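# Survey of secondary and tertiary structure
The residues making up each chain are set out below.
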Amino acid sequence: MTEITHKVVRVKERLHGGLVPAVPVPRYRNGTVHVEAQRSYAAYLCAQNIAGVSVWVHTGRGLHLSRDERAVVIDTWKEFLKPDQILVAGAGAIPDPTLAGPRRREVWLRDSRLMAEEASRAGADALLVFPPVIFGDLGERERNDAIVEYHRELAEAGLPLILFYLYEEAGGVRYSAEVLRELLALPQVAGMKMAALDSVMTLQDVASLIRREFPDKLLITGEDRMFGYSLMCGAAGALVGLGAAFPNIQSDMITAYMAKDYARFVELSARVDGYGQAVFTAPMDKYVLRLLACLGSEGILPEEAVHDIAGFEMRADEIERLRSAIQQYGIY
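Figured I'd write up the structure that's included with this text. (Residues numbered from 1 in each chain as written. Predicted model: local features only at pLDDT ≥ 70, side-chain atom pairs only at ≥ 80, totals over all residues. Heavy atoms only, no water.)

### Focus on the overall build of the chain
On a plain count of helices and strands, the chain comes out with twelve helices and eight strands. For the chain, the C-alpha radius of gyration of 19 Å lies close to 20 Å, the compact-globule estimate for 332 residues. With the principal axes as the frame, the chain shows a C-alpha extent of 50 × 45 × 35 Å. Counting over 332 residues, the chain shows a buried share of 56%. Element-wise, carbon and sulfur atoms account for 50% of the exposed surface of the chain, whose accessible area totals about 14000 Å². Side chains of the chain give 36 positive and 44 negative charges; the mean places of these two sets differ by 2 Å. (Helix = DSSP H or I, 4+ residues; strand = E, 2+ residues; numbered from the N terminus. Rg over C-alpha atoms; globule rule 2.2 N^0.38 Å. Buried < 20%, exposed > 50% of the residue type's maximum accessible area, 1.4 Å probe, protein only. Areas by Shrake-Rupley, 256 points an atom, 1.4 Å probe, with all protein chains shown as cover. Lys, Arg positive; Asp, Glu negative; His and termini not counted. Charge placed at Lys NZ, Arg CZ, Asp CG, Glu CD.)

Below is the structure:
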């Protein structure tokens, strides 16, 4: 067994039936990382029933973190994770608005590779690959080839890849069936995270493709608003922002489904969905701040650490709605 194959097997084993929260970063109002809150948050979450955590991804504003901030975040989680918990790191880049054409793509790809290499050196177990939206202005054939080559280049960092099918409104890319087949055939790929949000047919189509043609790859749900249904579609594990505050009930839901305890699964799914409706609502990108507010409402984070860089503010009635959902559905 090659080294990369061994790594892929380990990641798949931990993700199968497991929950990996995509974690936010506690911040002061001025946007700087609240290091003490980051540490207490990591200590809390790693003591929960999770298979690992995912850092530097959208929930953690990964592409907006400076290199020093990325180091603080990943080093903190490495300190608190248990030996059997994995660390998944996002890899990608924000296109330079001052550049255009091939040079813009060249610099973006270089920065994406550097982030992947940084994750590898820091001890990550796998990469969650940000969708390459930069190729959107290319013709279909050229775009498809560029998407596959991008994933191949990131794989050179020596870590298993988790593909990421993200809905376009959130900065995702609609992959064709041809591209999906090429990506899923890569030996470095452990599976694919689905976050189609409101496109049930997209979830169903990708799930069917994996089930028929790539049964050795994991379908990983990132579907915060159709969590239970995505398990019924074939997801064998979860990598979700919704798990970043109170993961145990979601972990129990996955376990119930895997054990075919369907009565328990239906009950838990309804409760998780009720909570998800309070956290994942319009404006959708505010969910990061809502998750931090959930942590603050239960005293896991201090109030001064409940801030995000997206410019949103939490009103008193919004916080109360979150508290009510947490209590009503027995989330924590």
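### Examining helix H5 (residues 140-155)
Helix length check: H5, at 16 residues, gives a terminal C-alpha distance of 23 Å against a target of 22 Å (1.5 Å per residue), a fit within 8%. Here H5 has its buried residues at Asn-144, Ala-146, Ile-147, Val-148, Tyr-150, His-151, Glu-153, Leu-154 and Ala-155. On the buried face of H5, the contacting elements are strand S3 (86-91), helix H4 (101-122), strand S4 (126-129), strand S5 (161-166) and helix H6 (177-184). (Expected span 1.5 Å × (residues − 1). Contact = heavy atoms within 4.5 Å.)

### Some details on a nonpolar patch on the surface
Together, Val-200, Tyr-229 and Met-232 give the surface a local cluster of nonpolar side chains, amounting to about 260 Å² of exposed area. When you line up the elements, Val-200 lands in helix H7 (residues 200-213). (Patch = residues over 30% accessible without salt bridge, like charges linked within 9 Å, V, L, I, M, F, W, Y side chains within 5 Å. Salt bridge = Lys/Arg side-chain N within 4 Å of Asp/Glu carboxyl O.)

### Considering the nonpolar core
Ranked by size, the top nonpolar core spans 104 residues in total, and within it Val-55, Trp-77 and Tyr-275 carry the most contacts. Per-element accounting of this core gives the leading share, eight residues, to helix H11 (residues 287-297). If we ignore the near neighbours within four places in the chain, the residues touching Trp-77 are Val-23, Gln-38, Tyr-41, Ala-42, Leu-45, Cys-46, Val-53, Val-55 and Leu-87. Among the nonpolar cores identified, the runner-up in size contains 21 residues, and Ile-162, Tyr-167, Ala-190 and Leu-218 belong to it. (Core = buried A, V, L, I, M, F, W, Y, C linked by side-chain atoms within 4.5 Å.)

### Some details on the environment of Ala-305
Take Ala-305: it is sitting in the loop between H11 and helix H12 (316-328). With sequence-adjacent residues up to four places away left out, Ala-305 is seen in contact with Pro-26, Arg-27, His-34 and Ala-37.

### Things to note about H11
In terms of burial, H11 is largely enclosed, as ten of its eleven residues are buried. Residues Tyr-287, Val-288, Leu-289, Arg-290, Leu-291, Leu-292, Ala-293, Cys-294, Leu-295 and Ser-297 constitute the buried set of H11. Note on H11: the residue one or two positions beyond its end, Gly-299, has a positive phi of about 80 degrees.

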